[in-house]
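Here's the letter readout for the chains.
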Amino acid sequence: KGDDLMKKVVQEVKEISGKEEPFRFFTDEELLEMDRKQFREEGFAEGLAEGREKGLAEGRVLGLAEGHETGRLEAQHEMIINMHNNGVSLDLICKSTKLSLDEIKKIIKIH
């Protein structure tokens, strides 16, 4: 019964509007352009998310590498200071660390 009523309503609307498809508000071209726009927006959002994730991953890798290098240098400086404080000659410290005398002196002076 409900389907018959709906068919009757649609038929009356068609007659009143003079259109074969009275409930259609957009042309095929407009619908196609809306689909394209939505596809572009979705593609942009996916690209943005992918780029953000890639950037974060690269940032984590660089941060870890930088942290590792900082830790390595701090440990090396601590070793140089300890060697110097224990009376090891600057020449032996240079040979042991493969750093120049100027670099060793700078590290000792800073600490």
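Treat the numbers as computed from the prediction; the structure is a model and nothing was measured.

Draft legend 1. Just the nonpolar core, in detail. Core analysis: the largest hydrophobic core is formed by nine residues, namely I80, I81, M83, I93, C94, L99, I104, I107 and I108. Those elements giving two or more residues to this core turn out to be helix 2 (28–85), helix 3 (90–97) and helix 4 (101–110).

Draft legend 2. Geometry of helix 3. Taken together, the buried positions of helix 3 are I93, C94 and T97. Looking down the long axis of helix 3, one finds its buried residues gathered within 100° of arc, a one-sided arrangement. As for helix 3, its buried residues are in contact with helix 2 and helix 4. Where helix 3 terminates, the next one or two residues include K98, which has phi positive at roughly 60°.

Draft legend 3. Inspection of the side chain of T97 at higher detail. You can see T97 is positioned in helix 3. In this structure T97 comes out as buried when scored by relative accessible area, which is 11%. Setting aside chain neighbours within four positions, we find T97 in contact with Q76, M79, I80 and I104.

Draft legend 4. Focus on a negative patch on the surface. Together, E41, E42, E46 and E50 give the surface a local cluster of negative charge. Relative to the helices and strands, E41 is located in helix 2. You can call E41 partly exposed: its relative accessible area is 45%.

What counts as what
- Residue numbers restart at each chain and count upward from 1, following the sequence in its written direction.
- Only residues with pLDDT of at least 70 get local features here, since the model is predicted, and only at 80 or more are side-chain atom pairs given and counted; chain-wide, interface and lining totals rely on the full set of residues.
- Values shown for side chains rest on all heavy atoms present in the structure; no hydrogens or waters enter the calculation.
- Side-chain atoms within 4.5 Å are what join buried Ala, Val, Leu, Ile, Met, Phe, Trp, Tyr and Cys residues into a set we call a nonpolar core.
- Burial classes follow relative accessibility: with a 1.4 Å probe on protein chains only, a residue under 20% of its type's maximum area counts as buried, one over 50% as exposed, and anything between as partly exposed.
- Per the convention used, a helix needs a DSSP run of H or I reaching at least four residues, while a strand needs a run of E reaching at least two, with both numbered from the N terminus.
- Directions are taken from the helix axis to each C-beta atom, and the arc is the one they span.
- Contacts are assigned to residue pairs that have any heavy atoms within 4.5 Å of one another.
- Grouping into patches uses exposed residues only, defined as over 30% relative accessible area, and leaves out salt-bridged ones; the cut-off is 9 Å for like charges and 5 Å for nonpolar side chains (Val, Leu, Ile, Met, Phe, Trp, Tyr).
- Shrake-Rupley sampling with a 1.4 Å probe provides the accessible areas, and residues are treated as covered by the protein chains on show and by no other component.
- A side-chain nitrogen of Lys or Arg and a carboxyl oxygen of Asp or Glu constitute a salt bridge if their distance falls within 4 Å.
- When charges are counted, neither His nor the chain ends are considered; positive counts come from Lys and Arg and negative counts from Asp and Glu.
- By convention, the point assigned to a charge is CZ for Arg, NZ for Lys, CD for Glu and CG for Asp.

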